[in-house]
Amino acid sequence: MPGRGRRGGGSGGAAGAAGAGAAGAAGRGAVRPPRAEPTRVGGPDWSRDPQVGFDPDVARAAREEQRPSWRERLPERPAWSRGTPRREGGGGGRGRGGRFAHWSWPKRIGAVLAVLLLLVVGFGVYLDTQMTRTGALPEYEGPSSSGTNWLIVGSDSRAGLTAATEEQLATGEADGNRTDTMMVVHVGGFGGQTSLISLPRDTILPIPGRDNRGRLNSAYSIGGPELLVQTVEQAAKIEIDHYAEIGFEGFAGMVDAIGGVEMCLDDAIDDPKAGIDLPAGCQELDGPQALGFVRTRAFPNADLQRIQNQRKFLAALVSEAASPATLLNPFRIIPFANAAIGTLTVDGSTHVWNLASLGFAMRSLSGEGGVTTTVPIDLSASVSGGVVWNKSKSERFWNAVREDEDIPSDLLSGS
């Protein structure tokens, strides 16, 4: 059909179209303008020159050259979202990533660490307000001491325990306050030795303000923490810088919070009074089992073996608590801290950061940097079931502690 396609129909088609146009114009009284040719996008108009062949690849390339890029097709961003350019002193705006999008990775990491530090400090301040404080440090009048000395006390007070908790922990029934555990922890100065020193609770010593001598744990029963500290300071001639006391429930809670503590026993221990029946060998002790282990006296040498077990367990507990597996796990470190702080009594000058420093220093007790021992005693001079310190050896022993020197190896004892 001539005259309908854009590719033409020859001269006849053109003449027919012209005639029809003229007739229509005459009939309407107006001249109709010629129809405009359609514009082709993307290359030459191959229809105008039939001698030139059509190349689809050339046509496609031409269309691609004229097509706008994806960036040009994006709608223009509103002016309010662009911000002030950096070269004009602005901050770069908040669009597309905001102000932080321009930060380098070291700066971002620093910001995250700063937030974490603030959270840790805030949690530490909270814990510091939860500790119970008491006036445990009397005026010291003896020779000056180097390093830092802590008196660590395990109280057997049942105050605040429910009947169910007492049964679970096998605390038994006893009125008043006594001390099952007494230890001096000496933290040396720069490069100095850390030592954990057990003080047998049945040690016979002069008690300030009393005419006769008495057992060390009776000083606590008579005059509380202050008289106990004064008795130790007077006998050892060292200054106690910090005092910390923890009860039954707090000790068991700390052990459970970190998932138990592994202990290796040479012999089985069966003590119904302490609520434990432990086989020989290595095993995980939970809170109640750990409490029974450090309290039991079911040994031939009774208290001397017990204080050795107490030192062994405390070193293992501190090592586990200060390990990355605990410190970097909020589901462990937070319950551990809450259990410790909830039943902890300290002197007025002790804070959370002091306790943290003590914990890290005591990690050396499980390696070669520290020692665990008992103050030298004289077994031949025992009095009424109690024990007395060996006069010459204990004097050398405490002199080394006071001067922040390594304790002589001949004075170290495993019992």
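Only a predicted model underlies this, so the values are computations on that prediction, with no experimental measurement involved.

### Quick look at the sheet that holds strand E7 (residues 242-246)
Reasoning step 1: One open sheet holds the seven strands; their spatial order is E1-E12-E7-E2-E3-E4-E13, and the pairing between them is mixed. Of all strands in the sheet, those with a lone pairing partner are strand E1 (132-134) and strand E13 (370-374), marking the two edges. Across this sheet, the average inter-strand angle for adjacent strands is 20 degrees, counted without regard to direction.
Reasoning step 2: Pairing analysis gives three bridges linking E1 to strand E12 (residues 344-347), with the strands arranged parallel.

### Topic: the pairing of strand E4 (residues 194-198)
Reasoning step 1: Here E4 lies mainly inside the structure; five of its five residues are buried.
Reasoning step 2: Residues of E4 alternate between two faces, with Thr-194, Leu-196 and Ser-198 on one and Ser-195 and Ile-197 on the opposite face, all of them buried.
Reasoning step 3: With five bridges joining them, strand E3 (residues 179-187) and E4 adopt antiparallel strand pairing. The residue of E4 that forms the bridge with Met-183 is Ser-198.

### Here we look at the confidence of the model for the protein chain
Reasoning step 1: The predicted model of the protein chain has a mean per-residue pLDDT of 77, with 73% of residues at 70 or higher.
Reasoning step 2: No element of the protein chain has a lower mean pLDDT than helix H1 (residues 10-28), which averages 43, and none a higher one than helix H13 (residues 391-402), which averages 95.
Reasoning step 3: Predicted confidence is poor over residues 1-29, with pLDDT under 50, and the contacts of this stretch with residues over four places away or in other chains come to five contacts.
Reasoning step 4: Contacts for the low-pLDDT stretch residues 88-95, under 50 throughout, to residues beyond four places or in other chains number 18 contacts.

### A word on the pattern of salt bridges
Reasoning step 1: Evaluation of the coordinates by the stated rule reveals six salt bridges.
Reasoning step 2: The shortest N-O distance in the salt bridge between Arg-215 and Asp-202 comes to 3.3 Å. Of this pair, Arg-215 sits in strand E6 (residues 213-215) while Asp-202 is found in the loop between E4 and strand E5 (204-206), placing the two residues 13 residues apart along the sequence.
Reasoning step 3: Among the residues examined, Arg-215 registers a relative accessible area of 30% and is labelled partly exposed.
Reasoning step 4: Residue classification places Asp-202 among the buried residues on the basis of a relative accessible area of 12%.
Reasoning step 5: In this structure, Arg-297 engages Asp-202 in a salt bridge whose closest nitrogen and oxygen atoms are separated by 3.3 Å. Highlighted residues: Arg-297 in the loop between helix H8 (287-295) and helix H9 (303-321) and Asp-202 in the loop between E4 and E5, separated in sequence by 95 residues.

### Here we look at a nonpolar patch on the surface
Reasoning step 1: A cluster of nonpolar side chains, namely Trp-105, Ile-109, Val-112, Leu-113, Val-115, Leu-116 and Leu-119, defines an oily patch on the protein surface of about 750 Å² accessible area.
Reasoning step 2: With respect to the secondary-structure elements, Leu-119 resides in helix H4 (residues 105-130).
Reasoning step 3: Exposure remark for Leu-119: the relative accessible area of 57% places this residue in the exposed category.

### Quick look at the packing of H8 against H9
Reasoning step 1: For the pair H8 and H9, interaxial distance at closest approach is 7 Å and the crossing angle is 140 degrees. The orientation of H8 relative to H9 falls into the category oblique. Residue-level inspection shows Ala-290, Phe-293, Val-294 and Arg-295 of H8 in contact with H9, the latter providing Arg-306, Asn-309, Gln-310 and Phe-313.
Reasoning step 2: Looking at the contact of H8 with H9, its residues break down into four nonpolar, two polar and two charged.

### Some remarks on the state of the cysteines
Reasoning step 1: Going through the model one piece at a time under the given rule, you end up with one disulfide.
Reasoning step 2: Covalent S-S linkage joins Cys-264 and Cys-282, the inter-sulfur distance amounting to 1.9 Å. The disulfide joining Cys-264 to Cys-282 has a torsion of about 105 degrees about its S-S bond and is therefore right-handed. Taken as a pair, Cys-264 in strand E8 (residues 261-265) and Cys-282 in strand E11 (residues 281-285) lie far apart in primary sequence, 18 residues in all.
Reasoning step 3: The class for Cys-264 is partly exposed, based on a relative accessible area of 33%.

### Side note on the nonpolar core
Reasoning step 1: Formed by 46 residues in total, the largest nonpolar core has its most connected members in Val-185, Phe-251, Met-254, Phe-293, Phe-313 and Leu-317.
Reasoning step 2: Sort the elements by how many residues they give to this core and H9 lands first, with six residues.
Reasoning step 3: Those residues in contact with Leu-317, other than ones at most four positions away along the chain, are Phe-251, Met-254, Val-255, Ile-258, Val-261 and Phe-336.
Reasoning step 4: Counting 31 residues, the second-largest nonpolar core is a separate cluster that includes Leu-227, Val-232, Trp-389 and Val-401.

### Observations concerning the side chain of Thr-203
Reasoning step 1: In this fold, Thr-203 is placed in the loop between E4 and E5.
Reasoning step 2: Overall, Thr-203 belongs to the buried group, its relative accessible area being 0%.
Reasoning step 3: Those residues in contact with Thr-203, other than ones at most four positions away along the chain, are Gly-214, Arg-215, Leu-216, Val-387 and Trp-389.

### Here we look at unusual backbone geometry
Reasoning step 1: Backbone geometry at Lys-237 places phi at a positive 60 degrees, although glycine is not the residue there.
Reasoning step 2: Note that Lys-237 resides in the loop between helix H6 (216-236) and E7.
Reasoning step 3: Non-glycine residue Asp-404 carries a positive phi angle of around 60 degrees.
Reasoning step 4: By secondary structure assignment, the location of Asp-404 is in the segment after H13.

### Side note on the environment of Leu-291
Reasoning step 1: The topology assignment puts Leu-291 in helix H8.
Reasoning step 2: Leu-291 sits in the buried class, given a relative accessible area of 3%.
Reasoning step 3: Placed 17 residues apart in sequence, Leu-291 and Ala-274 show a C-alpha to C-alpha distance of 8.0 Å.

What counts, and where the lines are drawn
Residues numbered from 1 in each chain as written. Predicted model: local features only at pLDDT ≥ 70, side-chain atom pairs only at ≥ 80, totals over all residues. Heavy atoms only, no water. Pairing = 2+ DSSP bridges. Helix = DSSP H or I, 4+ residues; strand = E, 2+ residues; numbered from the N terminus. Axes fitted to C-alpha atoms, helices over the stretch in contact; angles between N-to-C directions. Buried < 20%, exposed > 50% of the residue type's maximum accessible area, 1.4 Å probe, protein only. pLDDT = per-residue confidence, 0-100. Contact = heavy atoms within 4.5 Å. Salt bridge = Lys/Arg side-chain N within 4 Å of Asp/Glu carboxyl O. Patch = residues over 30% accessible without salt bridge, like charges linked within 9 Å, V, L, I, M, F, W, Y side chains within 5 Å. Areas by Shrake-Rupley, 256 points an atom, 1.4 Å probe, with all protein chains shown as cover. Parallel < 35°, antiparallel > 145°, perpendicular 65-115°, else oblique. Nonpolar A, V, L, I, M, F, W, Y, C, P; charged D, E, K, R; others polar. Disulfide = S-S within 2.5 Å. Core = buried A, V, L, I, M, F, W, Y, C linked by side-chain atoms within 4.5 Å.

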